[in-house]
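Fold and contact review
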Amino acid sequence: MKNNTDDLKKVYSDIKIPNALDDTISNSILRGKNYMKKNNRNKKRIINSFISVAAAVGIFTLSVNISPSFANSLEGIPVLGTLVNILQFNNGSSQGGEITDGIDVNFISLDQEKDSDVIIINFSGFGEENQEIAPSFNIDYKESPYTMTFSIFGARGLSASEYFEELKKSKYIQDVYELMTLDDSAQRFNIVFNQPVDFKVEEYKNPAYLKVQISRDTEKVSEQKIYSIRTSSYERGEEFAILEEILFEIEDLRVLKDSNGTYLYELGQYSSDKEAQEKLKEYKDIFKDSVNLYVEERTIDEVPQSMK
């Protein structure tokens, strides 16, 4: 009998745990935390569901350990949420998702790790049910200051704005703010980083969310100067929103918050004051007196100053 027991112990210790199991458990825990934030009024139901998931994971782990054939049968089973795409950025821009409508960007979570932070941007459909596919979106990463701009199309709500303050707890994030738009089927917001970052963005479905992993980029030099062509500073309001329609043909146009918390449009950045002044003259000939434009000198990591 003892020999049989020893043999069983040896078989058990020799069984390999699939590498993906840790990821499965980690993703389950992360998604569970996200749903807790989203549905505080349903905590009891979610906790019970999560306990069931945890119990299932426990049984799952035990089954893997005692049955190699069971472990082999697990190949191809997706973890919670299916990876659709790892975004490739061209000149700082990328896009994904599919055409939808009535979407809410309903919550955002932050998971702080030792050398990187993970941001989850979740989507829901009508009635707060889980959204299976991500809506059409654009993401633009630019410097001076370091910003990542999210434009979500077919989205009628940005409930996730209540989590913007939570994102500022990241050691990489300086500010997060919503961008005003006259399109009632689009939502936009900026994440402003306090330093240059490396990033990886993944799109998931079933349920739909974006996963943004950020870490420090040690190769960028913050002292580099740039010369920005920009508008005056404005409070959020109709006057500011209408100005975007005047400037909409500018390819590099972006919205920024200045040092006083007001907003401006930046038309482009240049490496020399001479080049910027020449381009400024062209813009003034085009827009005449309809837009007040300036050249602002700043370092690559500075936010714009307020200009009235």
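Each residue is numbered by its place in its chain's sequence as written, counting from 1. At least 70 in pLDDT is required for a residue's local features to be given in this predicted model, at least 80 for side-chain atom pairs to be given and counted, and no such filter applies to totals for whole chains, interfaces and linings, which use all residues. Side-chain numbers come from the whole structure's heavy atoms, not from hydrogens or water.

Attention now moves to the overall build of the protein. Counting from the N terminus, the helices are the DSSP runs of H or I reaching at least four residues and the strands are the DSSP runs of E reaching at least two. Summing up its helical and strand segments, the protein has seven helices and 15 strands in all. A total of 308 residues make up the protein; the buried ones form 45% of that total. Only heavy atoms matter for contacts: two residues are in contact if any of them lie within 4.5 Å across the pair. In the protein, once contacts between residues fewer than 6 apart in sequence are set aside, the share between residues at least 24 apart is 69%. To be clear on the numbers: accessible area is Shrake-Rupley with a 1.4 Å probe, and residue cover counts the displayed protein chains and nothing else. Only carbon and sulfur atoms are counted for the fraction: they give 49% of the accessible area of the protein, which is about 16,800 Å². Relative accessibility decides the category of a residue: with a 1.4 Å probe and only protein chains considered, values under 20% of the type maximum give buried, values over 50% give exposed, and everything between is partly exposed.

In this analysis, rings of Phe, Tyr and Trp, with Trp reduced to its six-membered ring, are considered paired at centre separations within 6.5 Å, and the interplanar angle assigns stacked below 30 degrees, edge-to-face beyond 60, and tilted for intermediate values. A complete count under the given rule lists 12 aromatic pairs for this structure. Each ring, one from Tyr141 and one from Phe199, has its centre 4.8 Å from the other, and the planes form 50 degrees; the classification is tilted. With Tyr141 in strand S5 (residues 137-142) and Phe199 in strand S10 (residues 197-205), this residue pair connects regions lying 58 residues apart in the sequence. We classify Phe199 as partly exposed; its relative accessible area is 25%. Seen from their ring centres, Tyr234 and Phe240 are 5.8 Å apart, and the 40 degrees between their planes marks the pair as tilted. As far as the burial class goes, Tyr234 and Phe240 line up, both buried.

Take the layout of surface pockets next. Here the idea is plain: a probe the size of a water molecule rolls over the atoms and shows the empty space left. Buried and open spaces are told apart on a 1 Å grid over the protein atoms alone, a cavity being a set of points where a 1.4 Å probe fits but cannot get out and a pocket being an open set with protein on both sides within 12 Å along at least five of seven lines. Residues with an atom within 4 Å of a point are the lining residues. Grid points are joined across faces, edges and corners, and a volume is the space filled by probe spheres set on the points. Reported here for the second largest pocket is a volume of approximately 710 Å³. In terms of lining residues, the second largest pocket is bounded by 30 residues, among which Asp140, Ser151, Arg188, Glu244 and Leu253 are the most central. Those elements that place two or more of their residues in the lining of the second largest pocket are strand S2 (93-96), S5, strand S6 (146-153), strand S9 (186-193), helix H6 (238-247) and strand S13 (254-257). Amino acid classes used here: Ala, Val, Leu, Ile, Met, Phe, Trp, Tyr, Cys and Pro are nonpolar; Asp, Glu, Lys and Arg are charged; the rest, including Gly, are polar. Classifying every residue of the lining of the second largest pocket gives 11 nonpolar, 10 polar and nine charged.

Moving on: the sheet that holds strand S11 (residues 209-216). At least two bridges found by DSSP between two strands is the condition for calling them paired. Read across the sheet, six strands follow the order S1-S10-S11-S4-S3-S7 without closing on themselves; strand pairing throughout is mixed. The sheet is open, and its two borders are formed by strand S1 (82-86) and strand S7 (155-157), each paired with just one other strand. In this sheet, neighbouring strand axes are inclined to one another by 35 degrees on average, regardless of whether the strands run parallel or antiparallel. When strand S3 (residues 103-112) meets S7, the two strands line up parallel, connected through two bridges. Looking across to S7, one finds that Ile103 is bridged to Ala155. Note on definitions: angles span 0 to 180 degrees between N-to-C directions of axes, and those axes are lines fitted to C-alpha atoms, for helices only across the stretch in contact.

Residues belong to one nonpolar core when they are buried, are Ala, Val, Leu, Ile, Met, Phe, Trp, Tyr or Cys, and are joined through side-chain atoms within 4.5 Å. Core analysis: the largest hydrophobic core is formed by 36 residues, its most contacted members being Ile108, Ile119, Ile121, Phe123, Phe150, Ile191 and Phe193. A total of five residues in this core trace back to one element, the largest contributor, which is S3.

Scored between 0 and 100, pLDDT is the confidence that the predictor attaches to each residue. Per-residue pLDDT for the protein has a mean of 81; in total, 72% of the residues score no lower than 70. The low-confidence segment residues 40-79, where pLDDT is below 50, has 30 contacts with residues more than four positions distant or belonging to other chains.

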